[in-house]
Amino acid sequence: MNQTDIKHSLRKLEFPLCVKEVLPRIESMIINRSKPNFIMQLISEFVFLERSKDVDVRRGQSQSSQSPQQYNNMHMNKIQEFQLILVLIEFFSQPGPDATRNAVFLSLFGTNLTPQRSKTLSKLISTAVSGSVAPLLSSAGTWMQQVGCTTTPSLEMAQSLVSDFIIFSRKTPEQLKQLPLVAPHFAANLMTAVADLYLNDQRGSLVAPPDALLDVFCEWISENPSLCLASQQALALPSGAIAMPVVTPLAGLIRWSVLSPLVSNRITYSNLHLALLQTLLEIVHTGPPTALNAQHLAAIVGPLKQQAARLVAENIKPSEDSNYQKCMERLSQAVQVGLSANCVFGNIPQLICALESLPSHNLMKIVITANKNR
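Counting restarts for each chain, with residues numbered from 1 along the sequence as it is written. Given that this is a predicted model, residues contribute local features only at a pLDDT of at least 70 and side-chain atom pairs are listed and counted only at 80 or more, while totals for whole chains, interfaces and linings are drawn from all residues. For side-chain calculations, the full set of non-hydrogen atoms in the structure is used, while hydrogens and water are omitted.

## Describing the packing of aromatic side chains
Only Phe, Tyr and Trp rings take part, Trp by its six-membered ring, and two of them pair if their centres are within 6.5 Å. Stacked means planes under 30 degrees apart, edge-to-face means over 60, and tilted covers everything else. Scanning all chains against the criterion turns up 8 aromatic pairs. With a centroid separation of 6.5 Å and an interplanar angle of 65°, the aromatic rings of Phe105 and Trp143 are classed as edge-to-face. Here Phe105, found in helix H7 (residues 98–108), pairs with Trp143, found in helix H9 (residues 134–147); they are 38 residues apart in sequence, far enough to count as distant. Each member of the pair, Phe105 together with Trp143, is buried. Here a set of aromatic residues connected by ring pairs shows up, and it is made of Phe48, Phe91, Phe92, Phe105, Phe109 and Trp143. Helix and strand labels come from DSSP, where a helix needs a run of H or I of at least four residues and a strand needs a run of E of at least two; each type is numbered from the N terminus. The classification of residues rests on relative accessible area computed with a 1.4 Å probe and restricted to protein chains. Under 20% of the type maximum is buried, over 50% is exposed, and intermediate values are partly exposed.

Spelled out as structure tokens, the structure:
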């Protein structure tokens, strides 16, 4: 069948039957590495119901009867969205090569997500977490890494999961607690994304994560110190595809533990700090370090300098502020353990230079002196 015939046959089917029919066709074309533009057309029209002008003209509607804005704003209703999610869950749960499954997922949810696709993706992943659908979550983990764990699409999905399972939930569901056992790669990438959402001065202010979320992450890492490195596992991608650089959750979660005394006195942050140090100590190297970017560690210095300036403005010496001292102790320990365990890569001299710009601190002095010539 040619492209016109395929579209014509699919248009005879009601939704969601057209989705069930088109997904195997898309999978086949991806396997054969053919017709990428046609694949995008099929996904747009028959999976997400994003109609174009030529479709409505063939269906007897006048081009002049609707404006371009109306076409751009068209989206499926809630029943159709629910039906689509069920079909996608079923499709991605079927046995088959991981590389093909991941390629289909990446085709459905690329980097430039429409609001409708972004909303559908969030609901799809939430459903997969609730149902512990490992194959789909595995593909979602690959998608996060390929689009970037701290890019807008990943952050929107991560924020939606936090809302579903933490903010709007009376108690943390068991499915979320068990997520590392079901899909460790996805769990690691989710931590990377969520870590970027909280205690991040780049987002305007230091907002602490919800207590239940902190408890879950601390429990994950305490029970499995190697979980943070699960994001480094080899990706199953189609032939010729290039795996994007890996960012582990370590730097983001170290930022949480270091800056937390400025906003919270919860003991869980101390437990998280210890669990992260244990992770660094247990890393086994088979090549150059890849776990912790020196630039990401250096970024923690900025908010600490700002806090020191605020204390001085209030006639308080940073050396006499217990919370600030706790921040400095944790950063000193994290840097020293990371460097000693050979976990840090990138511009280490620049990291040391950034640390030297902080107010004097005895433990930090020792760390700087010990690593000055790296």
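## As for the environment of Leu206
Looking at the element boundaries, Leu206 is found in the loop between helix H13 (184–197) and helix H14 (211–223). Beyond its immediate chain neighbours, meaning those up to four positions away, Leu206 contacts Leu199, Asn200, Asp201, Leu259, Leu262 and Val263. Note on definitions: a residue-residue contact is assigned when non-hydrogen atoms from the two residues lie within 4.5 Å.

## Topic: the side chain of Ser332
Turning to its location among the elements, Ser332 is positioned in helix H19 (residues 322–340). Exposure remark for Ser332: the relative accessible area of 1% places this residue in the buried category. Among the polar contacts listed, one links the side chain of Ser332 to the backbone nitrogen of Met364, at a separation of 3.5 Å. Ser332 has contacts with His361, Leu363, Met364 and Val367, leaving out every residue within four places of it along the chain. Two N or O atoms count as a polar contact when they lie within 3.5 Å, although within protein this holds only if one can serve as hydrogen donor and the other as acceptor, and sequence-adjacent residues are included solely when both atoms are side-chain atoms.

## Side note on the side chain of Thr120
Secondary-structure assignment places Thr120 in helix H8 (residues 115–130). Beyond its immediate chain neighbours, meaning those up to four positions away, Thr120 contacts Phe48, Glu81, Leu84 and Ile85.

## Some remarks on the environment of Ala334
By the secondary structure assignment, Ala334 is in helix H19. Taking C-alpha positions, Ala334 is 6.5 Å from Leu277, a pair spaced 57 residues apart along the chain. Ignoring anything within four residues of it in the chain, the contact list for Ala334 reads Ile254, Leu277 and Leu280.

## Focus on unusual backbone geometry
The linkage connecting Phe15 with the following residue, Pro16, adopts the cis geometry, with an omega of 10°. Tracing the backbone shows Pro16 in the loop between helix H1 (3–11) and helix H2 (17–31). Phi at Leu49 takes a positive value of approximately 55°, unusual for a residue other than glycine. Following the sequence through the fold, Leu49 ends up in the loop between helix H3 (36–47) and helix H4 (53–58). In this model, Leu199 sits at a positive phi of 45°, which is unusual for a non-glycine residue.

## A few points about H3
Residues spaced three or four apart along an α-helix point in a common direction, a consequence of the helix completing one turn every 3.6 residues. Expected span of a helix: the number of residues minus one, times 1.5 Å. With 12 residues, H3 ought to run about 16 Å at 1.5 Å a step, and its terminal C-alpha atoms sit 16 Å apart, in line with that. Two residues or fewer past H3, Leu49 is found with a positive phi of approximately 55°.

## Thoughts on the environment of Cys18
Tracing the backbone through its elements, the reader meets Cys18 in helix H2. When the C-alpha atoms of Cys18 and Val216 are compared, they prove to be 40 Å apart, with 198 residues separating the residues in sequence. Cys18 has contacts with Leu10, Leu13 and Phe46, leaving out every residue within four places of it along the chain.

## Describing the nonpolar core
Ranked by size, the top nonpolar core spans 120 residues in total, and within it Ile125, Phe186 and Trp256 carry the most contacts. By residue number, the principal contributor to this core is H13, which donates 9 residues. Residues enter a nonpolar core if they are buried and are Ala, Val, Leu, Ile, Met, Phe, Trp, Tyr or Cys, with the set joined through side-chain atoms within 4.5 Å.

## Here's the deal with the state of the cysteines
Each disulfide is one covalent bond, formed between the sulfur atoms of two cysteines. Cysteine sulfur atoms are paired as a disulfide whenever they come within 2.5 Å of each other. Throughout the structure, instances matching the rule amount to 0 disulfides. Cys228 provides the cysteine sulfur closest to Cys218, a residue in no disulfide bond, and the two sulfurs are 11 Å apart. Take Cys218: its relative accessible area is 7%, and that puts it in the buried class. For the unlinked cysteine Cys327, the closest cysteine sulfur is that of Cys218, found at 17 Å. For Cys327, a relative accessible area of 0% corresponds to the buried category.

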